[in-house]
Protein chains: 2
Amino acid sequence: MNAVELIETKRDGRALSAEAIRWLLGAYTRGTVPDYQMAAMLMAVFFNGLDGEELAVWTEAMLHSGEVLDLSAIPGAKVDKHSTGGVGDKVSIPLAPMVGAAGVKVPMMSGRGLGHTGGTLDKLESIPGFTTGFDAATFADLLEKVGVVLAGQSERLVPADRKLYALRDATGTVPSIPLISSSIMSKKLAEDLDGLVLDVKVGSGAFMKTVESARALASTMVGIGAAHGVPVVGLLTPMDQPLGRTVGNALEIVESIDVLRGEGPEDLTEVTYRLGMEMLVLGGISETRADARRRLEAVVSDGSALEKFGEIIAAQGGDTRVLEEPSRLPQAAHHLELPAQATGFVQSCDAYKIGVAAMRLGAGRRTKEDVIDPAVGVIIHAKVGDQVAEGQPLATIAWNDEGRLDDASPLLADAWQIGESRPEAAIQVIEEVRA
Amino acid sequence: MNAVELIETKRDGRALSAEAIRWLLGAYTRGTVPDYQMAAMLMAVFFNGLDGEELAVWTEAMLHSGEVLDLSAIPGAKVDKHSTGGVGDKVSIPLAPMVGAAGVKVPMMSGRGLGHTGGTLDKLESIPGFTTGFDAATFADLLEKVGVVLAGQSERLVPADRKLYALRDATGTVPSIPLISSSIMSKKLAEDLDGLVLDVKVGSGAFMKTVESARALASTMVGIGAAHGVPVVGLLTPMDQPLGRTVGNALEIVESIDVLRGEGPEDLTEVTYRLGMEMLVLGGISETRADARRRLEAVVSDGSALEKFGEIIAAQGGDTRVLEEPSRLPQAAHHLELPAQATGFVQSCDAYKIGVAAMRLGAGRRTKEDVIDPAVGVIIHAKVGDQVAEGQPLATIAWNDEGRLDDASPLLADAWQIGESRPEAAIQVIEEVRA
């Protein structure tokens, strides 16, 4: 095999053989194909794509670049959820215990935030003592005992992806549907799942700006799942405004607890239920989505979902007292209200601007090396469709550092648009993508 | 400036600013932009191209990555010729002394052979003692004294190109018209020329397989020349069969001397004259191409062209006795005739196959590290349109190593096609491309 010939094949729009893909990704992971050749290949893939067969093999080759979990000894169906990332997207946190309480095993591996989007691990780690780094044996052990484990990606799973992702990030080859899909799916397939639900965010605050591109990404991942015998369902959900009413790590934990108590904001609750319904059906607990919804509502109303979250926190070393005493979570030293500049209805509440503002406050990372301030963020009082009077607070900024506040404020001041007419009610799920 | 943003700009089909191009090529040459980022950029350029303005700046930035010659102190117009490379293409060797004898200064910098095409430097170095590596001062000195200098590319000229070319070679980004054009033109513009003639080869043995792609390459280079105030003329010439009747280093020197004596094969002589005519017009020696042709024919028939070659050889340390005694050139130990398998007319004589066969005999390099055997090669007796009888020799193979002969023979046996009808006469110049 010759890397240049393979680059030329893809460059000229021809399909790579299964043998070629396996050789290329193996040699790249081992370092015998250098970064510069893989960079050229990735750009050729950006332009000419990968067909269904190539993508199945590409994903499989990534998957087998490292350790693959074997959870077969643990009884029950294992179902995970993945989100393409958004602002205020804390869905995984109430979802996992809710679904776990309803009887599905949830071996969830999540990531950290970068840029304007937050990461589930960062949010969870705002709970004092909560840890997310486990070896495969501990991961399986926690899953068996608790039924849910909320962990970081193991270093041993899919090393090819870590290397490829860093290269894509440095070479302008991130926004490629086959490359995004194979990156996500190789990591999820390495978790030995029986089913996977995807939350593909669409809108100004999401990676996918249009329904068309989000749909293409979702169907590509559903296709990879099918090729590997893992049923995958994708929901396209809106990300023009933040999800829920908080953006910031500890703030989002508080809101997640609200959802588990049945007291969460409507949009966040609805998206959590809709994803959970798919997980219960994929996990064989419910035959219909209607039945699944009833079960999820039941575990919320009888307190077992919240109790499951307590079990998870306890098992992962965290302080369970935060469930009853949210003041035990990191608190910002200062709060500042952002007043409405006009009277009327909120027309838009820009997820991207609020996400970047939260990052500037310290809730997120500009670069991977940045350290997060778990206490800071934005509490949103007025979302699209809400009626506000001039001077009434649109949001409360939780801040610790004056310089960072000054950096974030102009973006926040510009994030809300107020107009005279009442906008159409937002929908929570745009589309469902199934095999 | 941020390399990723520039890659994204080109990837998305937008133009790079002049500032961006200068920064990128400067930073790449210094090593602060790594190979993997440049590889992604090159592949993006492969797909989305460079417009005229971008290309002018890109070429200029490459040109100024190193030393630029200043030949202004040397009186007279300086005109060079560049060929995109072919099989049996020894045109530069008779052309430079011919044009020099007619009064144009020729500061010629050539390359070495790689793959199925030979290199002017390798051919010249088959003359015992002939050297081609000079510093700028010696180069200028030779040009002033002799009027012609046949040198290798100085290491100090266009270092960006050496780095970029090696990267393109390893990343499948060689066949890109803007990248080829800027590579050639940056090196030629660094020679401080008053004019340049391009021989763009078209056909199975050439880099450009179609007239359309050759025309696009020629006009792109003519455009770059115009942007830098250097008049450039491109001739598209055929390369389906080898040019002339020899392929191999010392063999091509002998044939070059034949041309200088007025005894060369028709196709090679005609291409040499046609390129020379353009050089005399660009150099201001002739007002018309007809006048230029008369002058070139005169320097051949009065012996001054051959004499000029002798001066060049002497000035560059070579043994001038080869002009009268070609047996002083390296001689192959063995010769083998390749008989025609049928009676009829030669329909085709495949330049690519013969080029690869000559390389396998040792006349060329498979990789840059290979060492050339100057003596070996192929002497062609029957070209397209020639009538042959079964058993009559189509070619003589000059060889030294039996293993290499065995490697080369099957390709040669397959290189000629003989048929019953007489094919149309070959033309020597397909098209002229001018500003």
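All of these numbers come straight from a predicted model, not from anything done at the bench.

A. How the structure looks around the overall build of chain A. From N to C terminus, chain A includes 16 helices and 13 strands. Taking 22 Å as the expected radius of gyration for a compact globule of 435 residues, we find that chain A reaches 22 Å, a close match to that expectation. Considered along the principal axes of its C-alpha atoms, chain A spans approximately 65 × 45 × 40 Å. Burial status across chain A gives 57% buried among its 435 residues.

B. Representation of the relation of the copies chain A and chain B in the model. After a rotation of 180° and a shift along the axis of 0.0 Å, chain A superposes on chain B with an RMSD of 0.1 Å. Taken together, these values place the two copies in the relation of a two-fold axis. Using C-alpha coordinates, one finds that chain A approaches the rotation axis most closely at Tyr36(A), a distance of 2.0 Å. Interface overlap between copies is the fraction of interface residues in one copy that are interface residues in the other; for chain A against chain B it reaches 100%, indicating a shared surface.

C. How the structure looks around the domain arrangement of chain A. Residues and elements named next belong to chain A. Domain parsing of chain A yields domain 1 (3-49), domain 2 (79-325) and domain 3 (330-419). Relative to domain 3, the C-alpha centre of domain 2 lies at a distance of 24 Å. Every contact between the two is made by 25 residues of domain 2 and, on the other side, 30 residues of domain 3. Taken over both partners, the interface formed by domain 2 and domain 3 buries close to 2,000 Å², and the fraction arising from carbon and sulfur atoms is 56%. For the pair domain 2 and domain 3, the interface holds three salt bridges. When the shortest N-O distance is used, the salt bridge between Arg365 and Asp122 registers 2.8 Å. Linking domain 2 with domain 3 are 14 residue pairs in polar contact (both at pLDDT 80 or more), by the criterion used here.

D. Fine view of the side chain of Thr117(A). Mapped onto the elements of the fold, Thr117(A) is located in the loop between strand S2 (106-110) and helix H6 (120-124). In this structure Thr117(A) touches Gly85(A), Gly86(A) and Gly205(A), once residues within four positions along its chain are discounted.

E. Region of the structure containing the sheet that holds strand S4 (residues 195-202) of chain A. Residues and elements named next belong to chain A. Taken together, four strands build an open sheet; the order of strands is S1-S4-S5-S13 and the sheet is mixed. Each having just a single partner strand, strand S1 (79-83) and strand S13 (431-433) make up the two edges of the open sheet. The mean inter-strand angle of the sheet, taken between neighbouring strand axes irrespective of direction, is 20°. Pairing between strand S5 (residues 232-238) and S13: three bridges, direction antiparallel. By the bridge assignment, Leu236 is partnered in S13 with Glu431. Each of S1, S4, S5 and S13 touches helix H12 (residues 266-282); the most contacted strand, S4, lies at about 155° to it.

F. Representation of the packing of aromatic side chains. All names here are of chain A. Across all of its chains, the model carries three aromatic pairs over all chains by this definition. Their ring planes at 80° and their centres at 5.2 Å tell us that Phe46 and Phe47 sit as a pair that is edge-to-face. Exposure remark for Phe46: the relative accessible area of 21% places this residue in the partly exposed category. Positioned above the aromatic ring of Tyr28 is the side chain of Lys163, whose terminal nitrogen or guanidinium carbon lies 4.4 Å from the ring centre.

G. Focus on the sheet that holds strand S8 (residues 344-349) of chain B. Spatially, S10-S8-S12 (chain B) is the arrangement adopted by the three strands of the open sheet, whose pairing is antiparallel. Each edge of the open sheet is held by one strand with a lone partner, namely strand S10 (387-388) and strand S12 (416-419) of chain B.

H. Expanded view of the pairing of strand S5 (residues 232-238) of chain B. Residues and elements named next belong to chain B. Of all seven residues that make up S5, six are buried, and the element is covered over most of its length. Alignment of strand S4 (residues 195-202) against S5, held across seven bridges, turns out to be parallel. Bridged to Val202 within S5 is Pro238. Once you follow S4 into helix H10 (residues 211-227) and on to S5, the crossover reads as right-handed.

I. Spatial organisation of the environment of Leu95(A). Residues and elements named next belong to chain A. Mapped onto the elements of the fold, Leu95 is located in helix H5 (residues 92-101). For Leu95, a relative accessible area of 0% puts it in the buried group. Separated by 302 residues in the primary sequence, Leu95 and Ile397 have C-alpha atoms spaced 26 Å apart. Those residues in contact with Leu95, other than ones at most four positions away along the chain, are Lys81, Thr272, Leu275, Gly276 and Met279.

J. Here's a closer look at helix H8 (residues 159-171) of chain A. Taking 1.5 Å per residue as the helical rise, H8(A) with its 13 residues ought to reach 18 Å, and the 19 Å between its terminal C-alpha atoms agrees with that figure. Three or more residues of H8(A) are buried, namely Ala160(A), Asp161(A), Leu164(A), Leu167(A), Arg168(A), Ala170(A) and Thr171(A). In this structure, the buried side of H8(A) is in contact with helix H2 (18-30), helix H3 (35-48), helix H4 (52-63) and helix H9 (177-189) of chain A together with helix H1 (3-11) and helix H3 (35-48) of chain B. Downstream of H8(A) by a residue or two, Gly172(A) has a phi angle that is positive, lying close to 65°.

K. Spatial organisation of the interface of chain A and chain B. With 22 residues of chain A at the interface, the matching set in chain B holds 22 residues. Carbon and sulfur atoms make up 75% of the surface buried where chain A meets chain B, a total of about 1,600 Å² over both sides. On the chain A side of the contact with chain B, Arg11(A), Tyr36(A) and Phe47(A) bury the most area, a combined 37% of that side's loss. Linking chain A with chain B are four residue pairs in polar contact (both at pLDDT 80 or more). Looking at the side of chain A that touches chain B, the elements that each hand over two or more residues are helix H1 (3-11), H3 and H8 of chain A. In terms of residue count, the dominant contributor to the side of chain A that touches chain B is H3(A) (ten residues).

L. The environment of His64(B), seen in detail. Residues and elements named next belong to chain B. Inspection of the secondary structure puts His64 in the loop between helix H4 (52-63) and strand S1 (79-83). With relative accessibility at 52%, the residue His64 sits in the exposed group. Distance from His64 to Arg22, taken between C-alpha atoms, is 9.5 Å for residues 42 residues apart in sequence.

M. Spatial organisation of the confidence of the model for chain A. Averaged over chain A, the pLDDT score is 96; the fraction of residues at 70 or greater is 100%. Taken together, the chains of this predicted complex give a pTM of 0.89 and an interface ipTM of 0.88.

N. Representation of unusual backbone geometry within the structure. Unusually for a residue other than glycine, Val158(A) sits at a positive phi of about 45°. Examined against the element boundaries, Val158(A) turns out to sit in the loop between strand S3 (148-152) and H8. A positive phi angle, close to 60°, is found at Asp192(B), a residue other than glycine. As for its placement among the helices and strands, Asp192(B) is situated in the loop between helix H9 (177-189) and S4.

O. Examining the pairing of strand S2 (residues 106-110) of chain B more closely. All names here are of chain B. Counting buried positions along S2 gives five out of five residues, so the element sits mostly inside the fold. The two faces of S2 match: Val106, Met108 and Ser110 on one face and Pro107 and Met109 on the other face are all buried. Sheet topology places S2 next to strand S3 (residues 148-152); five bridges connect them, and they run parallel. The residue of S3 that forms the bridge with Val106 is Val148.

Basis of the calculations
Residues numbered from 1 in each chain as written. Chains lettered and ligands numbered in written order. Predicted model: local features only at pLDDT ≥ 70, side-chain atom pairs only at ≥ 80, totals over all residues. Heavy atoms only, no water. Helix = DSSP H or I, 4+ residues; strand = E, 2+ residues; numbered from the N terminus. Rg over C-alpha atoms; globule rule 2.2 N^0.38 Å. Buried < 20%, exposed > 50% of the residue type's maximum accessible area, 1.4 Å probe, protein only. Least-squares fit on C-alpha atoms with pLDDT ≥ 70 in both. Contact = heavy atoms within 4.5 Å. Domains from an automatic or database assignment. Buried area = accessible area lost by both parts, 1.4 Å probe. Salt bridge = Lys/Arg side-chain N within 4 Å of Asp/Glu carboxyl O. Polar contact = N/O pair within 3.5 Å; in protein donor to acceptor, adjacent residues only side chain to side chain. Pairing = 2+ DSSP bridges. Axes fitted to C-alpha atoms, helices over the stretch in contact; angles between N-to-C directions. Phe/Tyr/Trp six-rings, centres within 6.5 Å; stacked < 30°, edge-to-face > 60°. Lys NZ or Arg CZ within 6 Å of the ring centre and 35° of its normal. Right-handed = clockwise from strand over helix to strand, strands pointing away. Expected span 1.5 Å × (residues − 1). pLDDT = per-residue confidence, 0-100.

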